[in-house]
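A structural walkthrough
If you want the building blocks of each chain, they are given just below.
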Amino acid sequence: MALTLSFGTCSYGPNALAGLTDVAGRRLHKMQIPRKIHSINLCTRKRGYGAVCESASPRDSLGTVEVENYSTFVRFLHLASPYVVGHRNKRFVIMIPGEVMVDKERLRGILDDILLLHGLGCKLVLVAGSRELVDAELSQELTEDPNSNEGRMVGGYRVSGTATMNVVLGENGAAVNQISAMLSKGPPIPMMRRHEKRETGNVEGFKSISTVKVVSGNFVAAKRRGVVHGIDFGWSGSVSHVHVEAIQSQLNDGNIVLLTCLGISSIGELLNCSVYDVAAKTAIELSADKFICFTGKEVRDLNLPHYLPLEEAKMQIASGTLGSCSNIVPYSSRDEGEREAVSRIEPLLGGSMFDLDHWSDLNMPFEVIAGISVCNNGISRSHLVDFQEEGALLLEMYSRDGISGVCMIASDIYQGIRPARIDDINQISQLLDSFLNYGYDLPFDMTDVGSNLDRLMVLERDGDVLACAVYSVLGHGFDDKLVVEINALIVSEAHRNNGFGDSILDYIEQDMRRKNVGLIVLVPNTGSCDWFVDRGFEYQGLANQNPILPEERRKNCEGFAKLYSKSIVAIDSSLADLPAGRRIGF
Ligand SMILES: CC(C)(COP(=O)(O)OP(=O)(O)OC[C@H]1O[C@@H](n2cnc3c(N)ncnc32)[C@H](O)[C@@H]1OP(=O)(O)O)[C@@H](O)C(=O)NCCC(=O)NCCS
């Protein structure tokens, strides 16, 4: 039996074979592997050898969309399309901890979703953990010997002597095989038959579409931990750096890069690193666009909010209130003592090397600390995705609101958009003045800005108001939708074309959703609404004849005034606590 090697630049050697199973799912002993095997083709699913997956996921079925669901399906595609475009060619580092690796059924579903992400053009680096698998495999005598630390977690690291390291190597080899096999799934055969032709000749029929290539290799450089506080950590190590160019070149070739917790020292030894260390370091050094971490029970029990601005996450970690604090208090409103506490934990979350002993001291799940650390080191968003939530990864990536069970930690959210305050009046007046100079109208007198603050939204940076919007609640239209009119949206001339207009409009839309507004309208007396049309507003004809406007407003429209509108989809009640502004951009 001849098989071909498809590990790419894999350097695990024979240990990778440790993950082989026979068709009954029994782990194969080295001696059972035929001598003639040069290597293993992970894509081969013939009887006998190969990573056998126990049961089929419901996603395997050749699902068709029922007629009554057509419009939902089409609508979903349209809603998802901006996110598909926005995420294309973006680099995501996705961590799959050992807890997920144990649950093969969920792992399969998650990898199906990851395959879809790859198919939609995202460049993916997966980092697979094995802690729970190693725990289960380590012999009891080893871990129960009170005189030995062998195999135990001490602080953030596992003491890895020879016996432990053998288990670690075996489990990581198994993880690579298992994931590579599950990712080798091709599209459903009847679909290929319908749409593909053989490359040679004109014979129509089945042509195998090449599967995704999963590449593992010597991408992670590590150094030994050595002896710490009298404990020899053996082959335990920490990541010193990641070979970014090599990873990038694999991503450019359309491959998925698969890393494990194994790093390689400068003298060619395999070292047992923490998967959190590998994943966070990779995300940071690769300057990934996102860090996505699947999480389990520990994080679920924290009941994290759907969205945590980075500063708030650090504040809650520093004060030990993470998960018990439902109100997000802006960093600027925190007192000196609280800010001081954050500056004390800052060094634990950054620097060129992570010290996982310090992470342990924070007494929080490592997934959360890793998520915060990567954001603290320049990655704009971390998503902590509960692995038990079916489809959560896709909903998080391709819908505006995401899904409950996911916490997004973000460093890029524009926190400067907020309702106007009294101290903004002067700057708002200047902006509105220039707006009136364009020939536009306002629903209130300029001397009256102060008493109209509740209908004003501003975008502020370092104390300067760079943009503002005025809106009016018009009441309910003919189909009982609550209608809001945007009366003005203006960005200061010096700051145009920086996306500020987009951000403030996006914020208004999110805010209105939370206030159960069904329709946002524009009734301009002058100029064009092209900018808004590009952002989903539709022309509805003349305003004074249009029943979608509440009657009061219709009566006050000039005969020539045009009406534009944008429907606002109701928000899922489980996400209604999200503050507006959470998801501006991608
Ligand atoms: C319209 C306005 C709010 C846009 O704000 P902004 O922060 O510059 O906009 P963004 O950076 O989000 O978007 C810039 C894009 O909008 C386009 N754009 C700017 N003004 C536009 C207009 N009047 N019509 C169509 N497109 C316009 C830019 O060309 C740019 O396009 P690009 O992304 O393809 O390069 C701003 O130009 C403004 O304040 N104008 C004066 C007041 C006004 O006309 N308000 C709208 C009526 S209420």
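Residues numbered from 1 in each chain as written. Predicted model: local features only at pLDDT ≥ 70, side-chain atom pairs only at ≥ 80, totals over all residues.

1. Details of the overall build of the chain
Quick reminder of the rule: Counting from the N terminus, the helices are the DSSP runs of H or I reaching at least four residues and the strands are the DSSP runs of E reaching at least two. Counting other C-beta atoms within 10 Å of each residue's C-beta, where C-beta atoms are placed from the backbone, gives the exposure class: buried for 20 or more, exposed for 12 or fewer, partly exposed between. We call two residues in contact when their backbone-placed C-beta atoms lie within 7 Å.
A count of helical and extended segments in the chain gives 19 helices and 23 strands. The 586 residues of the chain split such that 41% are buried. For the chain, the share of sequence-separated contacts (at least 6 apart) that also reach a separation of at least 24 residues comes to 72%.

2. Some details on the site of the ligand
Let me state the cut-off plainly: Nearness is defined per residue: the C-beta atom, placed using the backbone, must lie within 6 Å of the molecule or strand. When residue character is reported, Ala, Val, Leu, Ile, Met, Phe, Trp, Tyr, Cys and Pro are called nonpolar, Asp, Glu, Lys and Arg charged, and the others, Gly included, polar.
Close to the ligand lie 16 residues; Arg496, Gly501, Asp502, Asp530 and Trp531 are nearest. If you list the elements that add at least two residues to the shell around the ligand, you get strand 20 (482–491), helix 17 (500–514) and helix 18 (530–533). Among the elements that make up the shell around the ligand, the one with the highest residue count is strand 20 (four residues). Tallied by class, residues from the shell around the ligand come to eight nonpolar, five polar and three charged.

3. A look at the sheet that holds strand 22 (residues 538–542)
Convention followed: In short, DSSP must find at least two bridges between two strands for them to pair. Geometry is summarised by axes, namely lines fitted to C-alpha atoms with helices restricted to the contacting stretch, and by angles between N-to-C directions that run from 0 to 180 degrees.
With respect to topology, seven strands assemble into an open sheet ordered 17-18-19-20-21-23-22, the strand pairing being mixed. With partners counted over all chains shown, the strands left at the sheet margins are strand 17 (417–419) and strand 22, one partner each. Between one strand and the next, the sheet's axes are offset by a mean angle of 30°, whatever the strand orientation. Here strand 19 (residues 464–476) runs beside strand 20; their pairing, made up of nine bridges, is antiparallel. Looking at strand 20, one finds that Val473 is bridged to Val484. Relative to the sheet, helix 16 (residues 425–437) contacts strand 18 (456–461), strand 19 and strand 20, its axis offset from that of strand 19 by approximately 75°.

4. Section: the environment of Ser380
Note that Ser380 resides in the loop between helix 14 (366–376) and strand 15 (381–386). Ser380 sits in the partly exposed class, given 18 other C-beta atoms within 10 Å. When the C-alpha atoms of Ser380 and Ser287 are compared, they prove to be 9.4 Å apart, with 93 residues separating the residues in sequence.

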